[in-house]
Amino acid sequence: IATETAGEEPGWSPCRLVLIPLNGGPRIRLASEGDALALSADGKHLAYAAGNTAKTVDLDGAYRFTGNPVEIAREPHRIGFLEWSIDGRTLVYQVRDATKAVIGGATRVVPAPALVRLSQILPDGSGLGVEERGPSVLWRIDRQSTAPKPERLRSVPWTDTLLNLSPNGQQLVFETSRNGLPQIWLSRLDGTGARVLIPAIPPFGQFGDRTVRSEEH
C-alpha cells in the first residue's frame with residue numbers, strides 16, 4: 001500500500017492511496033486521499049492522514065477496504081506521521097510540533113522534547129525519533145507513562161534519516177548520504193559499527209513515478 005501524488009496545491013502536494021501488486025500488475029486506487037499511512041502489524045487495519053485529518057479503515061485479506069474510513073482525529077495543521085503500536089490498540093501521530101496518541105477513541109498529547117520527528121513505535125510502546133531543531137539528536141519517548149521523561153540516546157549525523165530500531169533493540173537501520181548518494185546503512189544503537197547494507201537506492205522516479213511512501217506486509 002502506498003501514497004502517490006495526486007496534484008499540486010499551494011504549499012503542499014495532496015496524495016492518494018494505491019495498492020501496488022508485487023507481481024508487477026497495475027495499481028489499484030484505494031482512496032482519493034492519503035498523505036501519510038500506517039499499516040497495523042497484523043495487516044488488518046490501515047490508518048492514513050488526509051491533510052489535517054486522520055482516518056482508519058479495516059482491510060480484508062487482499063488489502064481492500066471492508067467499509068468506509070472513519071475519522072478519528074482532526075487538527076488545525078497537516079498531520080505528517082502515523083504509526084500503530086505493536087498490539088494495534090494505539091495510533092500515534094504527529095502534527096507540527098505535537099505528538100499525540102489515540103487510545104480507545106480518546107486523544108492525548110505525548111510530551112516530547114523540542115521538535116522530534118518520530119520514525120518508529122517500539123515493541124515496549126515508546127517512540128523513537130530524531131530532533132530536527134539544531135544538532136540532530138536521537139530520542140526515545142515513553143508514550144504510555146503519565147509523566148513521560150524523554151531519554152536522550154545520542155547525537156545523529158545530519159546525513160542520517162529514517163532511523164528504525166531492530167526488534168532486539170540493538171541495531172539501527174537508516175537512510176544516509178554519507179557517501180554522497182542515498183544508501184541504506186546498519187549500525188549499533190550507539191552509532192558504532194556502521195556499514196553499508198544497500199549500496200544504492202533507485203532514483204525517486206524509478207519507484208513507480210509518483211510513489212511517496214509505502215507499507216509492505
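Up top is the structure.
One numbering rule holds for all chains: residues counted from 1, following each sequence as written. Thresholds applied to this predicted model are a pLDDT of at least 70 for local features of residues and 80 or more for the giving and counting of side-chain atom pairs; totals over whole chains, interfaces and linings are not thresholded and use all residues. Derived side-chain values reflect all non-hydrogen atoms in the structure, with water molecules and hydrogen atoms excluded from consideration.

Caption draft 1: Representation of the nonpolar core within the structure. Formed by 13 residues in total, the largest nonpolar core has its most connected members in I79, L82, L91 and Y93. The next biggest cluster of nonpolar side chains, apart from the first, holds twelve residues, and it includes A31, L39, A50 and L59. In this description, a nonpolar core means a group of buried Ala, Val, Leu, Ile, Met, Phe, Trp, Tyr and Cys residues linked to one another through side-chain atoms lying within 4.5 Å. Relative accessibility under 20% of the residue-type maximum defines a buried residue, over 50% an exposed one, and the middle range a partly exposed one, all with a 1.4 Å probe and only protein chains included.

Caption draft 2: Quick peek at the sheet that holds strand β5 (residues 45-50). Judged by pairing direction, the sheet is antiparallel, and its four strands sit side by side in the order β4-β5-β6-β7 without closing on themselves. Two strands lie at the open edges of the sheet, namely β4 (36-39) and β7 (70-74), each paired on one side alone. Ignoring which end each strand starts from, the neighbouring axes of this sheet average 20° apart. Across six bridges, β5 lies against strand β6 (residues 53-58) in antiparallel orientation. When DSSP finds two or more bridges between a pair of strands, those strands are recorded as paired. What counts as a helix is a DSSP run of H or I of at least four residues, what counts as a strand is a run of E of at least two, and both are numbered from the N terminus. The axes are straight lines fitted to the C-alpha atoms, using for helices just the contacting stretch, and the angles between their N-to-C directions are given from 0 to 180°.

Caption draft 3: Structural detail: unusual backbone geometry. Positive phi, close to 65°, is recorded for Y63, a residue that is not glycine. With respect to the element layout, Y63 can be found in the loop between β6 and β7. Take Y63: its relative accessible area is 23%, and that puts it in the partly exposed class.

Caption draft 4: Expanded view of the pairing of strand β18 (residues 183-188). Of all six residues in β18, five are buried; the element is thus mostly enclosed. Pairing between strand β17 (residues 171-176) and β18: six bridges, direction antiparallel. Within the sheet, the bridge partner assigned to E175 lies in β18 and is I184. Between β17 and β18, which pair antiparallel and follow one another directly, the connecting turn spans six residues, one of which, G180, has a positive phi of 105°. Relative to strand β19 (residues 195-198), β18 is paired through three bridges, and the arrangement is antiparallel. Across the sheet, L186 pairs through a bridge with R195, a residue of β19. Linking β18 to β19, which pair antiparallel, is a turn of six residues; within it G191 sits at a positive phi near 95°.

Caption draft 5: Spatial organisation of the environment of P182. With respect to the helices, strands and loops of the structure, P182 is situated in the loop between β17 and β18. In this structure the C-alpha to C-alpha distance between P182 and P199, which are 17 residues apart in sequence, comes to 8.1 Å.

Caption draft 6: Looking closely at the pattern of salt bridges. Think of a salt bridge as a Lys or Arg side-chain nitrogen and an Asp or Glu carboxyl oxygen that are within 4 Å of each other. All chains considered together, the criterion is met by five salt bridges. E4 is the salt-bridge partner of R16, the closest N and O atoms lying 2.7 Å from each other. Remark: E4 occurs in strand β1 (residues 2-5) and R16 occurs in strand β2 (residues 15-19); sequence separation between them is twelve residues. Look at R16 and you get buried, because its relative accessible area is 15%. With a relative accessible area of 5%, E4 lands in the buried category. Here E4 makes a salt bridge to R27, at a shortest N to O gap of 2.4 Å. Remark: R27 occurs in the loop between β2 and β3 (28-31) and E4 occurs in strand β1; sequence separation between them is 23 residues. Overall, the relative accessible area of 28% leaves R27 in the partly exposed class.

Limitation: the analysis is restricted to geometry and does not speak to function.
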